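Chains, contacts and geometry: an overview
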Amino acid sequence: MTDFTNEYCMHTATCGQLRLANVGAEVTLTGWAWHTRDHGGLIFCDLRDRAGYTQVVVDPDCVSPEEFAAAEHFAREDVLQITGTVRARGEGMVNPNMVTGEIEVLASAVKVLNKSVTPPFSIEDGIETDETTRMKWRYLDLRRPEMYANIKLRHVVAQALRKALNERDFVEVETPILANSTPEGARDYIVPSRPNPGKFYALPQSPQQFKQMLMCGGIERYYQIARCFRDEDLRADRQPEFTQVDVEMSFVQGDDVINLMEDVMKEVLEAAGVEHEFPLPRMQYSEAMSRYGCDRPDTRFGMELVDLTDIVRGCGFGVFAKAVEAGGVVKAINCRGAGDWSRGEVEKMAEVAAENGAKGMAWIAFTSDGSEKSPIIKFFEEETYAQLKAATDAQPGDLLLFAADKPATVAAVLSALRLAMAEKLNVPRPGHNLLWVVNFPMFKYDEDEGKYAAEHHPFTHVLDEDLDKIEDAPLECGSYSYDIVMDGFELGGGSIRIHNAEEQKRVLRRCGVSEEDIDAKFGHLIRALELGAPPHGGIALGLDRLVMLLAGKQSIRDVIAFPKTSSASDPMTGAPNAVTARQLKEVSLRTL
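Residues numbered from 1 in each chain as written. Predicted model: local features only at pLDDT ≥ 70, side-chain atom pairs only at ≥ 80, totals over all residues. Heavy atoms only, no water.

Another aspect to go through is the sheet that holds strand β3 (residues 52-58). Pairing is mixed in the closed barrel, where 5 strands are placed in the order β1-β2-β3-β5-β4. Strand-to-strand twist in this sheet, taken as the mean axis angle between neighbours without regard to direction, amounts to 55 degrees. Most of the contacts of helix α1 (residues 65-72) go to strand β5 (residues 103-114), to which it runs at about 90 degrees, and overall it touches β2 (42-49), β3 and β5. (Pairing = 2+ DSSP bridges. Helix = DSSP H or I, 4+ residues; strand = E, 2+ residues; numbered from the N terminus. Axes fitted to C-alpha atoms, helices over the stretch in contact; angles between N-to-C directions. Contact = heavy atoms within 4.5 Å.)

Quick look at the structure:
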């Protein structure tokens, strides 16, 4: 018999543990009643715990009348303790869908530890209950096997990360949750300070400045599985509070951080049961934007952007010709398998294009019977049209979607259309694909704010050869930066940091930070850089996003124990909620 030593608990075996080799063993199980059936005076109950299910049989000849009466009234989610003997199931009674399906436990003692009212939804996989209901009753949702598997996977990944970093001489250090507000990035969550009326803490969007100061403090190799907070509009892969794996190293160059993280990720993926080839490919930022229209490309499928700018320059189709004349570009994607779509179906994709900045969407359909449909074909000369077809490798059954505008708009439009069409066409995207996107530009121009901003963040080191361009040609500045991308999601971003105080002040000024704010918001960092800061760099990985992708889920809410909704609220606890007038007075606040 297998040794079922389970210390510090009320059972001797789990509900997913017993097999034919254990027949004859006396065991005690604990768990929740799942399915209960009365078969001719025998009570059958599938008992469930986090490890699985075991069928329990309650025979009136083997238990007391009181215990059998209790078994007759088992309800779903009653909490039970069953003691009994493991026996093989009878002929024809084996359940191949359960790992314990060849055995059952004949009860000799039955104890109801707690009764349950009828649950609001069934505690099993594949339920169609809406997400808000699941979140309101999250503790019930967590009992479902697939949810427990997600949480367990998160634990496995976190422990693998810790193990890999510990073995490489990293030190885990906690950084403050109550910190100062900075003018960069998303909106801060602010916390009033009772001892300092009128002043506020900010919850950290990232431990960025603290980890850099740890490098100034000689820690050299730091990591933290850090809680971070951003007051921003939510999507399926974002939450107001999230967890990132924060890593920083001293005396390194970009390749050192990348090589370290590849070794770490190899161990993490192996722990999660995922095979992937290493080293990972590296793609220049400019190449990613050119081929996929975004800096986090899903490279598991093609449908890449094709540049037609030179081909359509001066062509008879005014939309294309004018876009090129104005300094824009014309690009297309070839959606194989959509050539027979109706015009109405094609025009629906124009809504996706419009949502991403397009003023319209041109298209050409090549039907499987060899005909060609489009309102724009008539505007092209024969030679131009032939070149266009050759450049896009257009074949019967293909649909070409075009965008003509500024390069950034074209990239955004076709990147969104590419993903939308892959979804519509059920394009296979098997397994996982990781890569690095490297050498991001240092600055971008924020049209809404009317100023320059950092593409990554303002603590990123500008390429040495571009340092003299910070003030006069910021958009020409490159940076020592790198993102790790997985299945079309940014899994993490990092860079070599600025370790020179003067460069840091120049970058902040170029981002529109006033001298007053440089001192008030970043003075602590500037002073640390002035006092012998070593060259350093690092990366932050999104733990929630990594586990979501490994679990094959579409939302990070499925891999967080207690997530928030898209409105940043918690249906289970009612947060956020109102506080009393006394609480507000204590922190010198009042509501409008």
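There's plenty left to go through after this.
Let's shift gears to the sheet that holds strand β17 (residues 434-438). Spatial strand order, β6-β9-β10-β22-β21-β20-β17-β11: 8 strands in an open sheet with mixed pairing. The strands lining the two open edges of the sheet, one partner per strand, are β6 (171-172) and β11 (282-284). With 7 bridges connecting them, strand β10 (residues 241-250) and strand β22 (residues 536-542) associate as antiparallel partners. Counterpart to V245 in the pairing with β22 is L541. Packing of helix α7 (residues 285-292) onto the sheet brings it into contact with β11 and β17, and relative to β11 it is tilted by some 80 degrees.

What follows is about the packing of aromatic side chains. Each aromatic ring pair is described using two quantities: the centre-to-centre distance and the angle formed by the ring planes. Under the criterion given, the structure shown has 12 aromatic pairs. Each ring, one from Y285 and one from F440, has its centre 4.9 Å from the other, and the planes form 40 degrees; the classification is tilted. Of this pair, Y285 sits in helix α7 while F440 sits in the loop between β17 and β18 (443-446), placing them 155 residues apart in sequence. Neither residue differs from the other here; Y285 and F440 are each classed as buried. (Phe/Tyr/Trp six-rings, centres within 6.5 Å; stacked < 30°, edge-to-face > 60°. Buried < 20%, exposed > 50% of the residue type's maximum accessible area, 1.4 Å probe, protein only.)

On to α1, then. Turning to α1, its buried residues number three or more, namely E67, F68 and A71. Buried residues along α1 cover an arc of 100 degrees about the axis, so they all sit on one side. Residues of α1 that are exposed and angled more than 90 degrees away from the buried face: P65 and E66. Buried residues along α1 sit against β2, β3 and β5. (Arc of directions from axis to C-beta.)

This part is about the side chain of T384. Structurally, T384 is set in helix α11 (residues 382-392). Residue T384 is classed as buried on the basis of its relative accessible area, which comes to 13%. Among residues more than four places away in sequence, those in contact with T384 are I311 and C315.

Moving on, we get to the pattern of salt bridges. Summed over all chains, the structure comprises 44 salt bridges. Between K211 and D246 there is a salt bridge; the shortest N-O distance is 3.0 Å. Note that K211 is positioned in helix α5 (residues 208-216) and D246 in strand β10, a separation of 35 residues in sequence. In this structure, K469 and D466 form a salt bridge, with 3.3 Å as the shortest nitrogen-oxygen distance. Residue class for K469 comes out partly exposed when judged on its relative accessible area of 25%. According to the relative accessible area criterion, D466 is buried, its value standing at 7%. (Salt bridge = Lys/Arg side-chain N within 4 Å of Asp/Glu carboxyl O.)

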